[in-house]
Amino acid sequence: MPVEASVPVKRVFSDAPGWNGLSYDDVVSGLLRSVWNEPRPPDPPSRVWRDWVLVGVLVPVAILEGVLRPDLPWRAVSVIVTVGLTPTLLWRRTRPLPMVAIVCGVTSLAPLLTDGVPLETYTMVYLLVVFYALFRWGSGREVAIGLTLMIVMVSLSLLFGRLTPGDMVGAFAVTSSAVALGGAFRYRAGARTRELEQIKLLERERLARDLHDTVAHHVSAMAIRAQAGIATSASRPDAATEALHVIEAEAARALDEMRAMVRLLRRDESAELEPGRRIADLEQLTGRGRSGPSVDVEISGDLGDLPPSVEAAIYRIAQESVTNARRHARHATRVEVRVTADDTSVRLRVSDDGDSGLIRPAASPGYGLIGMIERADLLGGTCEAGPDSDRGWTVTAVLPRTGAAT
């Protein structure tokens, strides 16, 4: 038999290349490390009034079950343990692992007081909420440790005869459902967070693009003027010629660096040297779309010397607001766009006359609104949207004239 055939199968498999040239052991260890180092979901809700109500309901229910169930073994111990574990619901989100440890420890040790008879109150089904919270709000290491405690608890119950194999299968199915539900909601919340971050990133790219296109236009003009100055510098002093050379070099360098930076933000899209959108371009919104409500634009106030970033932001927020009104405003016939300016700020108001009774405020803002809020926040301003008291929907944005966050 050849020597190679005597190599253990496990060794051959572990040495085989996996994803990206990694061995199987590297892939598995990397996966385990990523699970172990998974942080907690951000901003877990602390104790809310619903938690206190839940505990307040469960306590009398447990007592009532102890009074009304004639077949309940070890009635006093069962009721005391059931009631005593209800406070774990109050800290299940902020301290999920300690709460699971308390539940596993108490339910495993309680049969010592009942001659090995397991606790069988129906009210203790609320413990599934604690297990759910571990997988929804716990970190990776907390989930791993808590899962180990749960397996040990079930194994001890099976070992000491407190659970039959059939009961263990049923308990495993119910507990797995709660655990899977917690993991599913955790993944859903994480996916939502990633989508929101992506929307914010895309809005930052658009803002960077507008800034680049505007500044690049002026820098290109500066470079052309410098070249013209060099061409006519024969009759000028040498100092003027040297200054023009410096202007040309600095302008070309700044333009190259900005193009390189924005090329990364745009994922290698070609750069445009035309100026970005301006407030005057809002008039173009009146002619877009033959169907849907009409758009009326009114611009007033001192709009001179506004930074290009502010003008581009006003246009983009108005454009998104008008698009949303045309898509979602029920029975709307008119959309009003009003831009006013004073010495310190520029104010945009976009409103429609749709049926506000058919508009339901979403539980979380849509991606378009998130982008508008992000753009206004980057410039040190604010953006709000909501239904009017009479009818329709209104978007209001206030940006500083300086175009910079304070």
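Conventions and cut-offs
Residues numbered from 1 in each chain as written. Predicted model: local features only at pLDDT ≥ 70, side-chain atom pairs only at ≥ 80, totals over all residues. Heavy atoms only, no water. Helix = DSSP H or I, 4+ residues; strand = E, 2+ residues; numbered from the N terminus. Contact = heavy atoms within 4.5 Å. Areas by Shrake-Rupley, 256 points an atom, 1.4 Å probe, with all protein chains shown as cover. Pairing = 2+ DSSP bridges. Right-handed = clockwise from strand over helix to strand, strands pointing away. UniProt positions renumbered as here; feature names shortened; annotations may be inferred. Phe/Tyr/Trp six-rings, centres within 6.5 Å; stacked < 30°, edge-to-face > 60°. Buried < 20%, exposed > 50% of the residue type's maximum accessible area, 1.4 Å probe, protein only. Lys NZ or Arg CZ within 6 Å of the ring centre and 35° of its normal. Salt bridge = Lys/Arg side-chain N within 4 Å of Asp/Glu carboxyl O. Core = buried A, V, L, I, M, F, W, Y, C linked by side-chain atoms within 4.5 Å.

Here's the deal with the overall build of the chain
Reasoning step 1: Tallying secondary structure elements over the chain gives 11 helices and five strands in all.
Reasoning step 2: In the chain, the proportion of contacts linking residues at least 24 apart, taken out of those at least 6 apart, comes to 74%.
Reasoning step 3: Looking at the chain as shown, the accessible area adds up to about 24,100 Å², and 61% of this sits on carbon and sulfur atoms.

A short note on the pairing of strand 1 (residues 294-299)
Reasoning step 1: Taken together, the six bridges between strand 1 and strand 2 (residues 334-341) define a ladder with parallel strand orientation. Bridge pairing in strand 2 links Ser 294 to Arg 334.
Reasoning step 2: Each parallel crossover has a hand, and the one from strand 1 via helix 10 (residues 308-328) to strand 2 is left-handed.

Considering the UniProt feature "transmembrane region" (unreviewed entry) in the chain
Reasoning step 1: According to UniProt, the positions carrying the feature "transmembrane region" (unreviewed entry) are residues 119-137, 144-163 and 169-187.
Reasoning step 2: For residues 144-163, the helix share is 80%, the strand share is 0%, and the end-to-end C-alpha distance is 24 Å.
Reasoning step 3: In this annotation, residues 169-187 is assigned 100% helix and 0% strand; the end-to-end C-alpha distance for the span is 26 Å.

Topic: the packing of aromatic side chains
Reasoning step 1: Inspection of the entire model under this criterion finds one aromatic pair.
Reasoning step 2: Both rings, one in Tyr 132 and one in Phe 185, keep their centres 6.3 Å apart while their planes meet at 80°; by these two values the pair is edge-to-face. Taken together, the positions of Tyr 132 in helix 6 (residues 127-137) and Phe 185 in helix 8 (residues 165-231) put the pair 53 residues apart, joining distant regions of the chain.
Reasoning step 3: For Tyr 132, a relative accessible area of 22% puts it in the partly exposed group.
Reasoning step 4: The ring of Tyr 122 is capped by Arg 69, whose NZ or CZ atom sits 4.1 Å from the centre of that ring.
Reasoning step 5: Residue placement shows Arg 136 over the ring face of Trp 137; its charged tip is 3.9 Å from the ring centre.

Let's talk about the pattern of salt bridges
Reasoning step 1: What the rule picks out here adds up to 11 salt bridges.
Reasoning step 2: The shortest N-O distance in the salt bridge between Arg 334 and Asp 296 comes to 3.4 Å. Here Asp 296 lies in strand 1 and Arg 334 lies in strand 2, a separation of 38 residues in the sequence.
Reasoning step 3: Using a relative accessible area of 34% as the deciding quantity, one classes Arg 334 as partly exposed.
Reasoning step 4: The partly exposed category is assigned to Asp 296, whose relative accessible area is 26%.
Reasoning step 5: For Glu 298, the salt bridge identified is with Arg 338, shortest N-O distance 3.3 Å.

Side note on the nonpolar core
Reasoning step 1: With 29 residues, the main nonpolar core has Leu 282, Ile 314, Ile 317, Val 337 and Leu 348 as its most contacted residues.
Reasoning step 2: Per-element accounting of this core gives the leading share, eight residues, to helix 10.
Reasoning step 3: Setting aside chain neighbours within four positions, we find Ile 317 in contact with Leu 348, Met 372, Arg 375, Ala 376, Cys 383, Val 395 and Ala 397.
Reasoning step 4: In terms of nonpolar packing, the next biggest core, distinct from the first, is built from 24 residues, Val 100, Val 130, Phe 131 and Met 153 among them.

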